[in-house]
Each structure stands twice: as C-alpha cells, then as structure tokens.
Amino acid sequence: MTVRPSRKLLTAFAAGFLLAASPPLASARELPAVDPAAAGLSAEGLARLDAALAKAAAERNIPGGVVLITRKGGVAHLTSFGLADRESRRPMRKDEIFRIYSMTKPVISVALLTLYEEGKFQLGDPLELYIPEFKGLKVFAGVDEAGNMILEEPKRKPTIHDAFRHTLGIGAGGGPEAVAKLYTERKMWVNTMESLKQQMELLGEVPLLFHPGEQWLYGYGHDVQAYLVEHFSGMPVDEYLQKRIFGPLQMVDTGYGVPPEKRGRVATLHDVSEETPPFPAVDMRPSTYERFAEHPFGTLGLWSTAMDYARFAQMLLNGGELEGVRILGKKTVELMASNNLPPDVGTLAAARGMPGTGYGLGVSVQLDVPADGNLSSPGAFGWSGAATTHFIVDPLEEMTAVLMMQRAPMDARMISEFQTMVYQSISE
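What you are looking at is a predicted structure, and each value in this text was computed from that prediction instead of being measured. (Residues numbered from 1 in each chain as written. Predicted model: local features only at pLDDT ≥ 70, side-chain atom pairs only at ≥ 80, totals over all residues. Heavy atoms only, no water.)

## Thoughts on the nonpolar core
Buried together is how nonpolar side chains tend to be arranged in soluble globular proteins. Core analysis: the biggest nonpolar cluster contains 105 residues, and Val224, Leu241, Ile245 and Phe312 have the highest contact counts within it. With nine residues, the single largest contributor to this core is helix H10 (residues 306-317). (Core = buried A, V, L, I, M, F, W, Y, C linked by side-chain atoms within 4.5 Å. Buried < 20%, exposed > 50% of the residue type's maximum accessible area, 1.4 Å probe, protein only. Helix = DSSP H or I, 4+ residues; strand = E, 2+ residues; numbered from the N terminus.)

See the structure below:
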C-alpha cells in the first residue's frame, strides 16, 4: 500500500528545501506599463477615480485598497490607497496580498476548461458519469402533511454545463427548511468539510432544490467543478492550478496559502468577528480562511494580488494567451464569456439583482448596459469576492480592471462606484 504524505508535511518539507537550496522567491511578474493618455485614459478621469474611491473608503470606514487598470495591452493605472491594517495604521502596498473569496471561482472554471480542451468531457455529460454519488438524485417538491419531504425524479440529469453556470439545483445550505436542515445536520459547509470528495458524497445525499436548468442559484457548483478538475487531471486541485495556471502565468503570489516570508504583505480582513456565525455558510472569520491551505475548495480559498489577478484577466482579454503562454484557446474563452443561461432563466435580475446581466462559464456577462444601470460595454465579463474584490474584462474597450480590498461583508456600492469611475476615465 502506498502511503501519501500529508499536505502539511509536504509543505513543510518543500519550504525547508527551498530555504536551504534555492534562490530567493521570485517577485511578482509585472505587466508592461503604458502611458495612460496613449491608452486612451484621461488624467482628469483617473484623478476622479482615485479621489472617489479614497473618499468612499474614508466615509464608509473601509480601510484601503489597490486599483489596477490595463488598456491596450499594458498597465495604464496602478495605485494603492488607505490602510492595509486599520489598527497598526500600516499603509496599503501595491503588492498587498488579499483573500479573494469568490474570485476563486473563475480560476477554477478556467482550470476545468483546460481539461475540456483535452477532450476529457463534453459540457452536456451527466455529472453522474464522473461523480457516482450523484446517481439517483431527486428534486425537492415540498413537504406532505406530516412534514416529510416530497421528492420528484429530475426532468433531466444535472450536467457539467449546469455546474459551470449555477443551474444545478445545488445550493450552499439555504433554501426550504427541510433541505436546509439536511445541510446543517451533515455539516455541509466549506469551513468544516475535509475534502471535495467528502463534499460530493454529502451532496449526493440531499435533494436538488429545483429541476436542473430551470433556475440560477449561487451554490456549490464550483466545488463540483474543482472535484472534476481532480477527477480528470489525477492531481489535487491546488497542484493543478499551480501547474497549469499560476506557474505558466507567473502569478507568484496566488495560491491557497501564504508562506511565512510573505505574511508581512497580507491585508487585514476588517469588520469580521472571530465569533462563529449562526449560519455557517456565511462564515468569513479570518481563521477559517486559513484552513483552505490544506483543504482547497472551488467556491473560495485563493489569495492573490492585484497584479497577479490582472495577469489572469489579461490572459482572458487576449483570448487565452499571455506573453507567449497559452492557457485556453480563443473559442473556449469566447464560450466562457458568452451568456450560457437557458432562455427560460433569462438574466440575473431576479436571482442576483443584476438586470441586463447573464452568466457564462464561471463569470457574469454584460448583456444590456442600460438595463444594468451602470457604465459598461456589451460583452464585458467578470466577478466579485465577498471581501470587496472585483474584476472586469472588457474586450470592446481592450481593458481589464481589478479592485482589491478587505472589508466584509462585501460593499456592493463600492464595487458599483469602482465600475463607474473606471469607465468614466476612458477618453477615447
């Protein structure tokens, strides 16, 4: 029998070996800088951006952040403002490291799409082909007079496509009381489950909340994707991300943990108590986030910097390639950034309060700018994280934008203001 060393032991061994035998860790690989005016951004507009974000942060007691904008292939604006730590008054650095929460999700989707390009699966494949625990899944249809759940056969089996676009019928612990109780009894929270494998086993024991493809529900779909990454690649998801995305893109500060020598660059997560919340699915305690270094999930868990994530975003803007390194094919990125929601689902207006917005393969997609009520472009895509992080990829404007902050719960207005102020800076 082969005994696999623990992740902690391997990490400790690797750290000791690197300290003894390797040169200092590489610094972040920066994208080339471009003159803002040459990139079509106005000096006055960028000044308004900086002033507006600093003012909003001060008025709403948000400590600080980092903003990075690329346009026409280079970094046109990179600035930090405010504090990385409110208590010590430590200034925010441009290379600060942040918990990116749900901005982990697009990275997981890209990883699974690399395996799609290798012919490992088709989007329409039923999940039960690769996750046996999903065989026999039923759909919740209410409760009878005795309070027992009424279950139905699904109209069709949930597919990999459903996992990408949140139309699985799998939630994250909310929903009708009878189903929510099962999540609670089985402790189906990412802050308590030990592995993706255990999570799939537990998900196979609870009913779907609706028939696959009939609704959009923000749930554990990206954990299903992460499990499939492990299934098709034959390696842990964190190792696969390092091999196929972070290493090739030189995202040297991105991963499920932060090594000791980089801890001085970690921004403090503000306004989050260490007390256990009553609803574990929204557990954002800083100590909880640390556990993902040894228990990686697809829903959340990654740390990153503005520059690292800008490299990821620029790769997507370039149609899957950055600096001669191809991660995805052009047509795959086009599919990822297209609205993949079924016609009957429509937009995210009802489910997420985002009118005019569709959903692709791991990212939201701008469909109707006036309906959304903010400055944008048709076809722009991106996503946010629970600690007020956000990224935008806009092919029409040849632009990406990244906002990194550490304030929870997410300040949705700050993200909207960030989008407004980025777009108003475009002069040509």
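What follows continues from the structure just given.
## Digging into helix H5 (residues 177-185)
Note on helix geometry: an α-helix contains 3.6 residues per turn, so any two residues three or four positions apart are oriented the same way. Listed as buried for H5 are Val179, Ala180, Leu182 and Tyr183. Looking down the long axis of H5, one finds its buried residues gathered within 150 degrees of arc, a one-sided arrangement. On its buried side, H5 packs onto strand S5 (139-143), strand S6 (149-152) and helix H6 (196-203). (Arc of directions from axis to C-beta. Contact = heavy atoms within 4.5 Å.)

## Notes on the confidence of the model for the chain
Looking at the chain, the pLDDT average stands at 92 and 93% of residues meet or exceed 70. Per-element averaging of pLDDT across the chain places helix H1 (residues 7-21) at the bottom with 37 and helix H3 (residues 104-116) at the top with 99. In this model, residues 1-26 is a region of pLDDT below 50 whose contacts with residues beyond four sequence positions or in other chains number 13 contacts. (pLDDT = per-residue confidence, 0-100.)

## Some words on the packing of aromatic side chains
Two aromatic rings, taken as a pair, are described by how far apart their centres are and by the angle between their planes. Counted by the stated rule, this structure contains 13 aromatic pairs. Through a chain of ring-to-ring contacts, the aromatic side chains of Tyr101, Tyr289, Phe292, Phe297 and Trp303 assemble into a single cluster. If you follow Arg263 out to its NZ or CZ, it ends over the ring of Trp303, 5.4 Å from the centre. Its end group placed over the ring of Tyr218, Arg352 keeps NZ or CZ at 4.4 Å from the ring centre. (Phe/Tyr/Trp six-rings, centres within 6.5 Å; stacked < 30°, edge-to-face > 60°. Lys NZ or Arg CZ within 6 Å of the ring centre and 35° of its normal.)

## Topic: the packing of H3 against H10
Running from amino to carboxyl end, H3 crosses H10 at an angle of 50 degrees, the nearest separation of the two axes being 12 Å. Viewed along their axes, H3 and H10 adopt a mutual orientation that is oblique. Note that H3 runs across H10; the crossing there is left-handed. Contact with H3, carried on its side by Pro106, Val107 and Val110, involves Tyr309, Phe312, Met315 and Leu316 of H10 and no other residues of that element. Here the residues of the contact of H3 with H10 are counted per class, giving seven nonpolar, no polar and no charged. (Axes fitted to C-alpha atoms, helices over the stretch in contact; angles between N-to-C directions. Parallel < 35°, antiparallel > 145°, perpendicular 65-115°, else oblique. Left-handed = near helix turned anticlockwise from the far one by under 90°. Nonpolar A, V, L, I, M, F, W, Y, C, P; charged D, E, K, R; others polar.)

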